Amino acid sequence: MVSVPTSPARQGAEVATRNKRSARSIRLLRRDRARTTWWAVAQLAAAAVFLAPIIWMYVASFRPSLDIKAGGLIPSRLSFDNYINLFQLGTVPQAFLNSAIVAAISAVAVTVISTLAAYALSRFRFRGSGFVAGLLLAGQLVPGLVVLVPLVVALRQFGLANSLGGLTIAHLTLGIPIAVLLLRNYLADIPPALEEAAIVDGCSRIGALVRIVLPLLRPALAAVTAFSFILSWGEYLLALSLITDDSKKTLPLAMQSLFQLYSVDLGLVMAFGVVISLPVAVLFMFIQRSFVSNLSTGGVK
Amino acid sequence: MTTAALRSTTLGRSRRARGGTNPWYYVTPAMVIVGLLTIAPLFYGLYLSFTNWSLLHSQSPSLQGIDAYVAVLNDPNFWGNVARTVGWTIGTLIIEVVVAVPFALLLNRRTPITGTLTGLVMIPWITPFVVLAYAWLFLYDGTSGPLHGLLHALGLVGPASPLATPSTSLWSITLISGWKGIPFLTIALLASLKSIPEEVYEASAVDGANRFKGFWHITLPMLRPTLGAMCVVLGVQAFYSFDLVWILTQGGPGYSSTLLGVQLFQTFFNQASPGQAAALGTLMLLLAIVLVVPILRTTARRND
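Residues numbered from 1 in each chain as written. Chains lettered and ligands numbered in written order. Predicted model: local features only at pLDDT ≥ 70, side-chain atom pairs only at ≥ 80, totals over all residues. Heavy atoms only, no water.

A. Focus on the overall build of chain A. Helices and strands together make up the secondary structure of chain A, namely 13 helices and zero strands. The burial tally for chain A puts 48% of its 301 residues in the buried class. Counted over contacts in chain A with a minimum sequence separation of 6, partners at least 24 positions apart contribute 70%. About 14800 Å² of surface is accessible on chain A, with carbon and sulfur atoms providing 66% of the total. (Helix = DSSP H or I, 4+ residues; strand = E, 2+ residues; numbered from the N terminus. Buried < 20%, exposed > 50% of the residue type's maximum accessible area, 1.4 Å probe, protein only. Contact = heavy atoms within 4.5 Å. Areas by Shrake-Rupley, 256 points an atom, 1.4 Å probe, with all protein chains shown as cover.)

B. Region of interest: the overall build of chain B. Scanning chain B from terminus to terminus reveals 15 helices and zero strands. For chain B, the share of sequence-separated contacts (at least 6 apart) that also reach a separation of at least 24 residues comes to 62%.

C. Quick peek at the interface of chain B and chain A. Counting from both sides, the interface comprises 87 residues of chain B and, opposite them, 90 residues of chain A. For the pair chain B and chain A, the summed buried area comes to about 7800 Å², and 83% of that belongs to carbon and sulfur atoms. Summed over the three residues of chain B that lose the most area to chain A, namely Y26(B), L37(B) and F138(B), the buried surface amounts to 10% of that side. Linking chain B with chain A are zero salt bridges, by the criterion used here. Here the residues of the side of chain B that touches chain A are counted per class, giving 65 nonpolar, 17 polar and five charged. (Buried area = accessible area lost by both parts, 1.4 Å probe. Salt bridge = Lys/Arg side-chain N within 4 Å of Asp/Glu carboxyl O. Nonpolar A, V, L, I, M, F, W, Y, C, P; charged D, E, K, R; others polar.)

D. Local environment of the pattern of salt bridges. All names here are of chain A. Tallied over the full model, the rule gives four salt bridges over all chains. Across the pair K248 and D245 runs a salt bridge whose closest N-O atoms are separated by 3.6 Å. Since its relative accessible area comes to 31%, D245 is described here as partly exposed. Taken together, the salt bridges that share partners define one network made up of R123, E195 and R205.

E. Structural detail: the nonpolar core. Of all hydrophobic cores here, the largest spans 171 residues; its most connected members are L148(A), L217(A), F272(A), Y134(B) and F242(B). Those residues in contact with L217(A) that sit more than four places away from it in its chain are T115(A), L183(A), Y186(A), L187(A) and I190(A). (Core = buried A, V, L, I, M, F, W, Y, C linked by side-chain atoms within 4.5 Å.)

F. Main features of the packing of aromatic side chains. Overall, the coordinates contain 28 aromatic pairs over all chains when judged by the stated rule. Look at F78(B) and W79(B): their rings are 4.9 Å apart centre to centre, the planes differ by 75°, and that puts the pair in the edge-to-face class. By relative accessible area, F78(B) is classed as buried at 5%. Linked through ring pairs, Y236(A), F242(B), W246(B), F265(B), F268(B) and F269(B) together constitute an aromatic cluster. Stacked on the ring of F129(B), the Lys or Arg K180(B) has its end atom at 4.4 Å from the ring centre. (Phe/Tyr/Trp six-rings, centres within 6.5 Å; stacked < 30°, edge-to-face > 60°. Lys NZ or Arg CZ within 6 Å of the ring centre and 35° of its normal.)

G. Structural context of the packing of helix α6 (residues 144-157) of chain A against helix α3 (residues 23-49) of chain B. Running from N to C, α6(A) and α3(B) point in directions that differ by 95°, and their axes come no closer than 8 Å. It follows that α6(A) is roughly perpendicular to α3(B) by the angle criterion. Facing α6(A), whose interface residues are V146(A), V147(A), V149(A), P150(A), L151(A), V153(A), A154(A) and Q157(A), α3(B) presents L37(B), T38(B), P41(B), L42(B), Y44(B), G45(B) and L48(B). Within the contact of α6(A) with α3(B), the residues separate by chemical class into twelve nonpolar, three polar and no charged. (Axes fitted to C-alpha atoms, helices over the stretch in contact; angles between N-to-C directions. Parallel < 35°, antiparallel > 145°, perpendicular 65-115°, else oblique.)

H. Fine view of the packing of helix α5 (residues 129-141) of chain A against α3(B). Contact pair α5(A) / α3(B): the axes reach a minimum separation of 10 Å and the direction vectors enclose 40°. One element, α5(A), and the other, α3(B), form an angle in the oblique class. Considering the relative orientation of α5(A) and α3(B), their crossing is left-handed. In contact with F131(A), V132(A), L135(A), L136(A) and G139(A) of α5(A), α3(B) contributes W24(B), V27(B), A30(B), M31(B), V34(B), T38(B) and I39(B). Residues of the contact of α5(A) with α3(B), tallied by class, amount to ten nonpolar, two polar and no charged. (Left-handed = near helix turned anticlockwise from the far one by under 90°.)

Here it is as structure tokens:
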């Protein structure tokens, strides 16, 4: 268009069409932008309605109980009193510590054990690998309630009832199957040639796993550890069945006893709800991108 | 590359000499955990179910045939609990599907806030049941609960909390159960929506299909495999529910919200009868298989 010499008249006509075209594209762009805004508003409204129960809990935790009881959705005054009162109850920091210990140990153990298993399943072809994969997946398909009775009876016989150690062991089953599944999906994207090159250069298999694969796997490891932590942190059924001592109660059990004692103090109970749910929500927001994309592409098919 | 192939080469031999090429070293810890904590208890539970062991009568189990099964099946509340559990499972699934499908379609529109919102709507899914249960308990509260106020104004519930009323306790907890499952289904549906190429819609638009027809004839059939698989996963989860009901009503008032999971827990702890509880667990497993197999068959056939 540029190289061909043209008459001034034609040039004028071209400028006009170009202007008309750009005017139309601007109008289209504006319409697109307006449409996008409307979609965003609709999405925001739907999410707000959907999350209303949780938003309500967060707001209520900053209101005096009397105000919550009086009804009304818009708070007239806010305070941190509920949180201050909550942490003055001795059982709450103790339960926080118990949950943190159980969840952290079981999450790290799940990640180490699952990484080893997922690595073998994705890198070695061996007789029985199908059986191993099936067995680990079966763990995911058996709901906790099915094995509750025999598991609790067995743990009692081994003297592991009413101990945080026993609860930690029981929590290992929550994370392993899904962790193996996710890590296998991630490992499939890391070319084995990288480790093989390291092995040719004199690295051992384990050395290659630690030095080459694990650094590449870091986002997946973070996601798996965080998710196992979340599963253990809020687990209720096993904790309820195994733990009876007040000093060994984890957060869900402590919240239940708090409610039984102070059910009139709504603000206190809601503040405890925030204390339990905020850490896992924050943790999840960090990992959600890698977790959600992997879960939905690999886990469902 | 197989281990057999490695062994035949010098490289393989040197690698083996350094250790770490036996895959069983890697998988054994996971196998031991899953074997001891999931597979072995399954068989131990089956054994216990044939003992009718009660802690009130003896310290250790001894085989007693099918006494425990007979006792469970003769329990006057058993079939009522089965019906409630099936109704609860179907209700939970209906809520999940009815909300998650439009929700996923809405979030499939790319806007600047889509990414953040998708993360935020996952929060009910990862929030512990105890926390959600108490939040909803107060939403349903008869004097100050905002949700109770709304439902009462609509004439759906009486002046008391719906949780305290036999006719409404089960469905008001079903609502919570469905709500908690929505994010998981939404994310799964979003992933399969993203895999539908835009050209398919363009082609159908050229052929004169409108938006609704596009949804009905393209989107929905494409989502069906995901919907089928997720309904099995979420259905099994709902079938084995315990936490929400136990925290909110303990199965009451009366037996109006007693699910099989609650009955199992009560048999085990309140009646101190591990034998009967194990028998109930086995019956639940059989019932779940009977319910799931037809769903798997239909989805498998549709995929062909």
